[in-house]
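# Structural description and commentary
Listed below, chain by chain, are the residues.
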Amino acid sequence: MSAGDSFWRTPEMESFHTRFSAWTPFNNKSLNRQLFQERVTLISHWFDLWTNKQRQEFLFEIFLRCTKSQLRFVQDWFSERKQVAKVDFSTVLPRFISLYIFSFLSPKDLCAAAQVSWAWKFLTEQDCLWMPKCIKFGWFLPYTPTDNEYGAWKRHYIACVSHLDWLTPREAAATYGTLNESKTEDEELLERHREKCLRKRIWEKIALRRKELFKVRPPWVSGMGRSSMPKPKCQPRLSQTLRERAGSHEALEKQLVLTSLETLPKQSNISGSHSYPLLSKKNWHGVYKNDDSSSCALRPHFILISSRIPAYEMVVESVKAGVVSVVYEHSVTLESLLYLIEKALDGQKAQSMGIFSDGDSREINLLQGYKIGVKNLLKPEVRDFWEKLGSYVATEKEGGHVDFFAPLGASEAGTEVLSQLSQLTGTFFTAPTGIATGSYQHIFSDWLGAQWGKAPSSIYFSESKLQTWSSFTDFLEDTLKGVRKQLCPLFKELQKSISGRMIGQFMFDTMGMSNFLNNQEIAQALADGLMELSKEDSDKPLEFLSYFLLKKCGKKIKDFEGNVIPTKCDPKTAFGLLMKERNGVEDNSWDTKSRLSKNDLNFEALINLERMLQKDSAEKRTRVVRELLQSERKYVQMLEIVRDVYVTPLKAALSSNRAILSAANIQILFSDILQILSLNRQFLDNLRDRLQEWGPAHCVGEIVTKFGSQLNTYTNFFNNYPVILKTIEKCREMIPAFRTFLKRHDKTIATKMLSLPELLLYPSRRFEEYLNLLYAVRLHTPAEHVDRGDLTTAIDQIKKYKDYIDQMKQNINMKDHLSDIQRIVWGCPTLSEVNRYLIRVQDVAQLHCCDEEISFSLRLYEHIRDLSLFLFNDALLISSRGTSHTPFERTSKTTYQFIASVALHRLLIENIPDSKYVKNAFILQGPKYKWICATEAEDDKFLWLSVLQNAIKSRMEK
């Protein structure tokens, strides 16, 4: 600073000395205050001119520079001037607590709460609130809601309530005309006053009872699917038990009505006035019953439903009104089943009786241990059962019949069963002639000898509901396949453990330690037989074990092995033969002449069987061809549903400039399925034309062969099938109009309660039906028939194409399997590569050698951790395996941690011989590390090493 500048500095100028700002004086307080007010006014003016976004940014910068005390000052200022007195509990509490609070509301209160706000509307329409209220009255949804759909149970509850007929006595009189004489105005006023008092007392007692029930109410949804009463083993009337369980609230209201009616003053019967009759307890269930004379004159239809039927509750719900239905447990005896039938009929005879149980074309699985077929039909207890059962049904002259819902009419053995039962009981027995499929579609096929103008299934059931159940069982079986696949390893381990314990207990309890040591060969043979029995899972264990022991007898009974039938062997004879072989005793009981005579008898039996099969072949062939036509018609109808319900509206919306989907997306989704529809429509027309002039000499193989030569249309569809499904999901997520369109059309009556992806699944399942039907046609076509060669060619075409579809399914399953492994193994690298697939998974224990310089027989090992080895066709993935347990649960969860991945061509295997200190061990040597592993069983080691060596050899050859 120069001298001139210091000369002009005065004390007054010093007062303007600033701190942090050239404009705000530090020493002069009055000027400081004045300048501060000017700055505040200027900033306030700027703040008024700013936009909302600029104001928010300014406040954000200011609050960032504030200290805690300054922020607390702002908070106190807001709390004093803007007090928060009420808070929405649903925005503060967790959602499950809010839902628990809402669960105490009645349906009327829930509907009122839904009008408060959008958040409350979303919460009060959740299915977990409305589903218990529907199930309480026995109202079940006819379909399964999708993942993103909510409010289905509320809509179902409102729909069911809207159809209820709740009328007061006066409204009932006005509707149904129960009062015949008119009343004066005074009597009318008195009657209304009496009704008002009655209604008031009823609701007071109901409210009081609700309060009492509310005090002892269990936790939320703790009683779902449970009952405090012990469940009986047999349920004679499922519909009645459901009404008793679900209608407890109605029974309470009825009881309160009776009590309140008894407390009211009785009205005297004077001329021109009538009092309401008191309703007794008998009248509650007898309102819709006729007189005894009329009920005895009409014989009811009766249906037996087995609890082994999948989703048998839906079958019971589809039973028509007036049909007596009984659900029986599969484990009851024949006498118990007769008692249930007699109790349900109550001394009456049934006009017809249906037996809905699982079975095949040869026998019906009526009860546990009673598969009714040709072999056991004449057993004393089975014969007595059918004779007594026939006495409960009208005779054949009176039009009575017994209907089996198993496809016994589709085979010679099943037809023989029906014929013998008809002769035994004097009642006509019938069954469907369709081929047994997993979805019970044979019920809707032609019935053997039906002469009543309609199928027996329509006598007992509502066909639309039964068709819905049939489709549902198809999906249920697909789900069960996945469940079996997941639980199969667990059950195998459990079976192995139980069988091992049973083998040990049997050996030591039956033979003893001394016999066991003296009979090593017999013990080893028995142990091998029992192990093979546990692997084979045979239905006849004793016969299988005897056949296995006979094979162990060696060369001395080699000729006997050629004539023995495994299902007819005697276990005692087999065991005796094994003992004779050990003691050196020769068995010469088999004579050559007896064998020759038996062979002659078997030859004659085969000739007779062949003659029986050739009998009426033309009629059976015609029946199967008609079933082919009927199934093709149903298949084409399902494809037409896709065209009419989905394609046509989407194209109409596109042409009217209100496009839901673009033309490109419509082309991707539906072009292939429309070509398939055109192809199968032509195939159906050809079959229909051929059957119009059908005769024994006509052929159907050439039509199927022509159809098989045009299957490239299906090839385009199956190649694009994954793309179609992904396009549906993408459009559902990205296009709200398409999401609404699918929600409006999926799983409706027009689509037979199916969604669009489920309808697109039909082409892949159709080829298995084609094979079954063509095999049946060829079975009933004589060898010299002209159509025999064309049928063989057609079967080869369809079978080849079905193998192509199965290969595509297998590839997709392998990709999903790789994705599952990559998901469960934590830290696993990407496994999805072309032509990679999983071969085997082996659980081993990783060992550590304490001293590797000594020989193998003296080395000591310690168990470090558990490993899981995932063997692919090109690499070996090594991961550690851990087990985590959930508190208060018996089940455990297995976790995997990635360790290493070794290419098979760089992997070396070294065997470790068994010693005193280690068994079933081997070494896996990689480029950098090596792992000493050991399996639990010797068989596991042998199988794993053989599979691993074959995989390495195959990889090296490529």
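All of these numbers come straight from a predicted model, not from anything done at the bench. In every chain, residue numbers begin from 1 and rise along the written sequence. Local features are withheld for residues below a pLDDT of 70 in this predicted model, meaning they are given only at 70 or higher, and side-chain atom pairs are given and counted only at 80 or more; totals for whole chains, interfaces and linings count all residues. Only heavy atoms go into the side-chain values, all of them from the structure, while hydrogens and water stay out.

## With respect to helix α11 (residues 152-162)
Looking at α11, one finds that the buried residues are A152, W153, K154, H156, Y157 and C160. Throughout, a contact is declared for two residues whenever any of their heavy atoms are within 4.5 Å. Going along the chain from the N terminus, every DSSP run of H or I of four or more residues is numbered as a helix, and every run of E of two or more is numbered as a strand. Turning to α11, the residues buried within the fold contact α8 (107-113) and α10 (127-136). For the exposure calls, accessible area comes from a 1.4 Å probe over protein chains only, and a residue counts as buried if that area is under 20% of its type's maximum, exposed if over 50%, partly exposed in between.

## A look at the pairing of strand β1 (residues 301-306)
Among the six residues of β1, five are classified as buried, and the element is accordingly described as predominantly covered. Any two strands between which DSSP finds at least two bridges are classified as paired. Inspection of the sheet shows β1 paired to strand β2 (residues 324-328) by five bridges, in the parallel sense. Opposite I303, over in β2, you have S325 as the bridge partner.

## Comments concerning the confidence of the model for the chain
Scored by pLDDT, the chain has a mean of 76; 75% of the residues are at 70 or more. As a per-residue measure, pLDDT reflects the predictor's confidence and takes values from 0 up to 100. Long-range and interchain partners of residues 555-598, a stretch whose pLDDT sits below 50, account for 45 contacts in this model, where long-range means more than four residues apart.

## Considering the pairing of strand β3 (residues 352-356)
Within β3, five of the five residues are buried, leaving the element largely enclosed by the surrounding structure. Of the two faces of β3, the one lined by S352, G354 and F356 and the one lined by M353 and I355 are each fully buried. Pairing between β1 and β3: five bridges, direction parallel. Across the sheet, the residue bridging to F302 is M353, located in β3.

## Looking at the nonpolar core
For our purposes a nonpolar core is just a set of buried Ala, Val, Leu, Ile, Met, Phe, Trp, Tyr and Cys residues, chained together by side-chain atoms within 4.5 Å. Membership of the largest hydrophobic core comes to 62 residues, with the highest contact counts inside it found for F670, Y714 and F767. Only α30 (617-655), α31 (663-692), α32 (701-708), α33 (712-734), α34 (736-745), α35 (756-759), α36 (762-779) and α37 (787-824) provide two or more residues apiece to this core. In terms of residue count, α30 provides more of this core than any other element does, 15 residues in total. Among all residues touching F670, those that are not within four sequence positions of it are V642, Y646, V647, L650 and L756. Residues L337, L421, L424 and F429 belong to the second largest nonpolar core, which totals 37 residues.

## What to know about the sheet that holds strand β13 (residues 908-912)
Read across the sheet, eight strands follow the order β8-β12-β11-β10-β9-β15-β14-β13 without closing on themselves; strand pairing throughout is mixed. Among the strands making up the open sheet, the edge pair consists of β8 (825-826) and β13. Pairing geometry for strand β9 (residues 838-849) and strand β10 (residues 861-872), over eleven bridges, is antiparallel. Paired with H848 across the two strands is E862, which belongs to β10.

## Notes on the pattern of salt bridges
Side chains carrying opposite charge are able to pair once their charged atoms draw close together. Salt bridges, as used here, are contacts in which a Lys or Arg side-chain nitrogen is within 4 Å of a carboxyl oxygen on Asp or Glu. Within the structure shown, the criterion is met by 24 salt bridges. The closest approach of N and O atoms between R681 and E640, which form a salt bridge, is 2.0 Å. With R681 in helix α31 and E640 in helix α30, this pair connects stretches of sequence that are 41 residues apart. Residue class for R681 comes out partly exposed when judged on its relative accessible area of 29%. Among the salt bridges present, the one from R836 reaches E833, with a minimum N-O distance of 3.4 Å. Within the structure, one salt-bridge network assembled from shared partners comprises K121, E125 and K154.

## Some remarks on the state of the cysteines
Working definition of a disulfide: a covalent bond connecting the sulfur atoms of two cysteines. Count a disulfide wherever a pair of cysteine sulfur atoms falls within 2.5 Å. Evaluated as defined, the whole model comprises zero disulfides. Of the cysteine sulfurs around C160, a residue in no disulfide, the closest is that of C134, at 6.3 Å. C160 gets classed as buried once you look at its relative accessible area, which sits at 18%.

## With respect to the packing of α30 against α31
Orientation is described by lines fitted to C-alpha atoms, with helices fitted over the stretch in contact, and by angles between N-to-C directions that extend from 0 to 180 degrees. At a minimum axis separation of 9 Å, α30 and α31 run at an interaxial angle of 150 degrees. By the angle between their axes, α30 is roughly antiparallel relative to α31. Crossing geometry of α30 relative to α31 is assigned as left-handed. Any angle that is under 35 degrees is reported as roughly parallel, and any over 145 degrees as roughly antiparallel; angles of 65 to 115 degrees are reported as roughly perpendicular and all others as oblique. Crossing chirality is assigned from the near helix's rotation relative to the far helix, an anticlockwise turn below a right angle marking it left-handed and a clockwise turn marking it right-handed.

## Some thoughts on the environment of V786
Structurally, V786 is set in the loop between α36 and α37. For V786, a relative accessible area of 67% corresponds to the exposed category.

## Here's the deal with the sheet that holds β2
Spatially, β2-β1-β3-β6-β7 is the arrangement adopted by the five strands of the open sheet, whose pairing is parallel. What marks the edges here is a single partner per strand, and that holds for β2 and β7 (428-430). Sheet twist, expressed as the mean angle between neighbouring strand axes with direction ignored, is 15 degrees. Relative to β7, strand β6 (residues 401-404) runs parallel, the two being bridged by three bridges. What sits directly across from H401, in β7, is F428. Against the sheet, helix α21 (residues 412-425) touches β6 and β7, its axis set at about 160 degrees to β7.

## Some points on the side chain of T427
By the secondary structure assignment, T427 is in the loop between α21 and β7. Setting aside residues no more than four positions away along its own chain, T427 makes contact with G390, V393, A394, E396, G400, H401, V402, L421 and S422.

## With respect to empty space enclosed by the protein
Definitions used for this entry: grid spacing 1 Å over protein atoms alone; cavity, a set of points where a 1.4 Å probe fits but cannot get out; pocket, an open set with protein on both sides within 12 Å along at least 5 of 7 lines; lining residue, one with an atom within 4 Å of a point. Grid points are joined across faces, edges and corners, and a volume is the space filled by probe spheres set on the points. This structure, assessed with the given rule, holds one cavity of 30 Å³ or more. Quantified by volume, the largest cavity comes out at close to 60 Å³. Surrounding the largest cavity, L679, Q682, F683, N686, I703, K706, F707 and Q710 form its lining. Mapped by element, the contributors of at least two residues to the lining of the largest cavity are α31 and α32. Considering each element in turn, the lining of the largest cavity owes the most residues, four residues, to α31. Side-chain classes are defined by residue name, with Ala, Val, Leu, Ile, Met, Phe, Trp, Tyr, Cys and Pro counting as nonpolar, Asp, Glu, Lys and Arg as charged, and the others, Gly among them, as polar. The residue inventory of the lining of the largest cavity, partitioned by class, reads four nonpolar, three polar and one charged.

## A look at the packing of aromatic side chains
Stacked, edge-to-face and tilted are the three classes for Phe, Tyr and Trp ring pairs, Trp counted by its six-membered ring, which pair at centre distances within 6.5 Å; planes under 30 degrees apart are stacked, over 60 edge-to-face, the rest tilted. Following the criterion strictly, the structure yields 39 aromatic pairs and no others. Grouped by ring-pair contacts, the aromatic residues F683, F707, Y714, F717, F718, Y721, F767, Y770, Y801 and Y804 constitute a single cluster.

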